[in-house]
Amino acid sequence: MGQSQSTEPLPVIGRPLNEAANAAFLNLLIGQLWQHFNTSVEIAVKEKLVPMLQTKLIAAKHGLFTLDVIDLGTRPLCVDGVHVYPQDEGATNVTMDLDVSYSGDAHASGTLIGLPYGVKDIKVICFHLT
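The following refers to the structure shown. As the structure is a computational prediction, the values presented were derived from the model and not from experiment. (Residues numbered from 1 in each chain as written. Predicted model: local features only at pLDDT ≥ 70, side-chain atom pairs only at ≥ 80, totals over all residues. Heavy atoms only, no water.)

### Examining a nonpolar patch on the surface
Worth spelling out the cut-off: For patches, a residue must show more than 30% relative accessible area and have no salt bridge; joins then use 9 Å for like charges and 5 Å for nonpolar side chains, namely Val, Leu, Ile, Met, Phe, Trp and Tyr. The method behind every accessible area is Shrake-Rupley, applied with a 1.4 Å probe, and residues are considered shielded solely by the protein chains displayed. For this document, the term salt bridge refers to a Lys or Arg side-chain nitrogen within 4 Å of an Asp or Glu carboxyl oxygen. Secondary structure elements are taken from DSSP: a helix is a run of H or I of four residues or more, a strand is a run of E of two residues or more, and numbering for both begins at the N terminus.
The grouping of Leu33, Phe37 and Val41 at the surface amounts to a nonpolar patch, some 200 Å² of accessible area in total. Relative to the elements of secondary structure, Phe37 occurs in helix α1 (residues 19-56).

### Remarks on the environment of Pro86
For clarity, the cut-off: Residue burial is assigned from relative accessible area. The probe radius is 1.4 Å, only protein chains are included, and a residue is buried under 20% of its type maximum, exposed over 50%, and partly exposed in between.
Turning to its location among the elements, Pro86 is positioned in the loop between β2 (78-85) and β3 (95-103). Owing to a relative accessible area of 75%, Pro86 belongs among the exposed residues under this scheme. Sequence separation between Pro86 and Met96 is ten residues, and the spatial gap between their C-alpha atoms is 9.1 Å.

### Description of the layout of surface pockets
Cut-off, in case you're wondering: Of the grid points, spaced at 1 Å and generated over the protein atoms alone, those admitting a 1.4 Å probe that cannot get out make up cavities, while open sets with protein on both sides within 12 Å along at least five of seven lines make up pockets; any residue with an atom within 4 Å of a point is treated as lining. Grid points are joined across faces, edges and corners, and a volume is the space filled by probe spheres set on the points. Here the term charged refers only to Asp, Glu, Lys and Arg, the term nonpolar to Ala, Val, Leu, Ile, Met, Phe, Trp, Tyr, Cys and Pro, and the term polar to all other amino acids, Gly among them.
Roughly 290 Å³ of internal volume is contained in the second largest pocket. Along the wall of the second largest pocket there are 18 residues; nearest its centre are Ile70, Leu72, Tyr102, Ala106 and Ile122. Secondary-structure elements contributing two or more residues to the lining of the second largest pocket are α1, β1 (65-71), β3, β4 (107-112), β5 (115-120) and β6 (123-129). Considering only residue class, the lining of the second largest pocket consists of 15 nonpolar, two polar and one charged.

Functional significance is not addressed by these values, which are geometric in nature.
Written out as structure tokens, the structure reads:
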């Protein structure tokens, strides 16, 4: 698996950032961490999603569904917009809205009822996370 690395330093945070700076900061951070997400996502999907699908899908109940490869690829998702909501002093959480898009080279493959399947080059345009 290739590695996506940025040589740009992360900004020093000493004062509140505007929304564009927040998005730029998050994109730099995600870019630097992306290669490490792959292992975590693969484990989570195989330990959580596959067992859930096996209880829901008839083919999976009979062992006819496998998910063999999950690879996030080298292109990270992109934060297109971010709004961080002010918190009361001493708050222990951060509330934010993120507009995220993904045009990556991720792929997954396995078998369904004995036939190979694959998903690749996933593209999602601007989904909103709160």
